[in-house]
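What follows is the residue order along each chain.
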Amino acid sequence: MNCKTARVLMSAAVDGEISFKEEKGFLSHLLECKECCDEFDDAKKTKMIIKERIIQFKAPQTLIDSIMQLTDFNTRETEETLLYE
Amino acid sequence: MDKPAPTHQTKTPTKPEALSREERKKQLEFQKEAVVHLHSLYNYALHITMNPDDAEDLVQETYLKAYRFFNSFERGTNCKAWLFKILKNNYINRFRKNSKEPGKVDYDLIKDFYHSIKDTRRDSSEADTDYFHSLLHEEVYQALHSLPEEFREVIQLCDIEGFTYEEIANMVDSPIGTVRSRLYRGRKLLRVQLEEYARKYGFNTGKDQ
Ligand SMILES: [Zn+2]
């Protein structure tokens, strides 16, 4: 495998979206190519930092309530008036 | 998951109090399958609208539509992905089309919003000097938002929401190969941004410029 192919597969390898066969070729390329190896590490780190650092907020209670009401039959009228299309 | 598809037309019951069995079943299933993703949808809406009020509206509309068309949701597939797709379409149709001023973003509001919860995760146990770990939510958030939308979008859907490439491809109406290369390029761009922040704070990123 050359660097070009390895880079095409890079994100898929990070995300576990690579086939067994592709992964074998990819990993053996990393063993002999420092550049791709570094890039792979960086890509994994970047994914991790996004996962770790981006905070997930709780939806406001008002929103939760109104969504719950959606599935309440009595609010059907409200639903009709809210539909703007 | 083997759920029988509703066979009766239940759209317009004659008496309001007579909630049909089918309708009740639909409600329960909707709660189990769709409402559980409320927080994810809200967060995603917050990211794309960058305005808490708009985010609420968007999520509300998404659920209204999802409930109306719940019968067309293919049982056994990822409901979260289905909801995200609806949300995205809603966003494009409404917020993009109707806003005369594109990018009308309430930055101050967003900033306050994020400030109020800042620092909550800083001192988790990683005692290392790796510059990546020095970054806070706010910096990572800003770096993410500095990316062109097509890159930011796939990174969010993949790294934050955990969708598969196939699901993402479907959501962004592009082939899987495109998703793959956008992720590759997006992460590279993001890294450059993050390194810039880190350098600003005096961390050695190992890359001189
Ligand atoms: Zn290489």
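Residues numbered from 1 in each chain as written. Chains lettered and ligands numbered in written order. Predicted model: local features only at pLDDT ≥ 70, side-chain atom pairs only at ≥ 80, totals over all residues. Heavy atoms only, no water.

Visitor: Any chance you could explain the side chain of Asn51 of chain B here in plain terms?
Guide: Assignment of secondary structure puts Asn51 of chain B in the loop between helix H2 (38-49) and helix H3 (52-68). Reaching out from Asn51 of chain B, the side chain makes a polar contact with the backbone nitrogen of Asp53 of chain B at a distance of 2.9 Å. (Helix = DSSP H or I, 4+ residues; strand = E, 2+ residues; numbered from the N terminus. Polar contact = N/O pair within 3.5 Å; in protein donor to acceptor, adjacent residues only side chain to side chain.)

Visitor: Can you help me understand the pattern of salt bridges in this one?
Guide: Two side chains with opposite charge may pair up if their charged atoms get near one another. Considering all chains together, one arrives at 17 salt bridges over all chains under this definition. Lys188 of chain B is the partner of Glu39 of chain A in a salt bridge, and the nearest nitrogen-oxygen pair spans 3.3 Å. Residue Glu39 of chain A is found in helix H3 (residues 34-53), and its partner Lys188 of chain B is found in helix H10 (residues 176-200); the two belong to separate chains. In this structure Glu39 of chain A comes out as buried when scored by relative accessible area, which is 10%. Judged by its relative accessible area of 32%, Lys188 of chain B is partly exposed. The residue Arg75 of chain B makes a salt bridge to Glu29 of chain B at a minimum N-O spacing of 2.6 Å. (Salt bridge = Lys/Arg side-chain N within 4 Å of Asp/Glu carboxyl O. Buried < 20%, exposed > 50% of the residue type's maximum accessible area, 1.4 Å probe, protein only.)

Visitor: Looking at this structure, how should I read the packing of aromatic side chains?
Guide: Given two aromatic rings, their pairing is described by the distance between the two centres and the angle made by the two planes. Tallied over the entire structure, the rule returns nine aromatic pairs over all chains. Ring geometry for Phe26 of chain A and Phe40 of chain A: centres 5.1 Å apart, planes at 75 degrees, overall edge-to-face. Taken together, the positions of Phe26 of chain A in helix H2 (residues 20-32) and Phe40 of chain A in helix H3 put the pair 14 residues apart, joining distant regions of the chain. The pair Phe26 of chain A / Phe40 of chain A is uniform in exposure class, with both members buried. Taking the centre distance of 5.0 Å and the plane angle of 40 degrees together, the rings of Tyr44 of chain B and Phe84 of chain B count as tilted. On the criterion of sequence distance, the pair formed by Tyr44 of chain B in helix H2 and Phe84 of chain B in helix H4 (residues 79-98) is long-range, its members being 40 residues apart. Of the residues examined, Tyr44 of chain B reaches a relative accessible area of 4% and is grouped as buried. One aromatic cluster in this structure is built from Phe30, Tyr63, Tyr67, Phe70, Phe73 and Trp82 of chain B. (Phe/Tyr/Trp six-rings, centres within 6.5 Å; stacked < 30°, edge-to-face > 60°.)

Visitor: What exactly am I supposed to notice about the coordination of the zinc ion here?
Guide: For a metal bound by four donors in tetrahedral geometry, the ideal donor-metal-donor angle is 109.5 degrees, whereas six donors in octahedral geometry ideally sit at 90 or 180 degrees. Residues and elements named next belong to chain A. Looking at the zinc ion, one finds its protein donor set to be Cys3 (SG), His29 (NE2), Cys33 (SG) and Cys36 (SG), positioned 2.0 to 2.3 Å from the metal centre. Between the four donor atoms coordinating the zinc ion, the angles at the centre fall across 102 to 115 degrees, so the site counts as tetrahedral. Each donor residue of the zinc ion lies on the same chain, and together they follow the pattern C-x25-H-x3-C-x2-C. The residues Cys33 and Cys36 share a single accessibility class, namely buried. (Donors = N, O, S within 2.8 Å, 3.2 Å for Na, K, Ca; no water. Tetrahedral: all angles 85-135°; square planar, octahedral: opposite > 155°, others 65-115°.)

Visitor: In this structure, what is going on with the side chain of Asn43 of chain B? I would like to understand it.
Guide: In this structure, Asn43 of chain B sits in helix H2. Given the relative accessible area of 2%, Asn43 of chain B is considered buried. At 2.6 Å, the side chain of Asn43 of chain B and the backbone oxygen of Phe57 of chain A are in polar contact. Residues contacting Asn43 of chain B, with those up to four places away along its chain left out, are Ile55, Gln56 and Phe57 of chain A. (Contact = heavy atoms within 4.5 Å.)

Visitor: Please clarify how the nonpolar core should be interpreted in this entry.
Guide: Across soluble globular proteins, nonpolar side chains have a tendency to be buried as a group. Counting residues in hydrophobic clusters, the biggest one holds 75 residues, and the most contacted among them are Phe26 and Ile50 of chain A together with Val59 and Tyr63 of chain B. Looking at this core element by element, the count peaks at eight residues for H4 of chain B. In terms of domain composition, this core takes at least three residues from each of domain 1 (19-99) and domain 2 (103-120 + 127-203) of chain B. In this structure Tyr63 of chain B touches Ile67 and Leu70 of chain A together with Phe30, Ala34, Val35, His37, Leu38, Leu41 and Leu83 of chain B, once residues within four positions along its chain are discounted. (Core = buried A, V, L, I, M, F, W, Y, C linked by side-chain atoms within 4.5 Å. Domains from an automatic or database assignment.)

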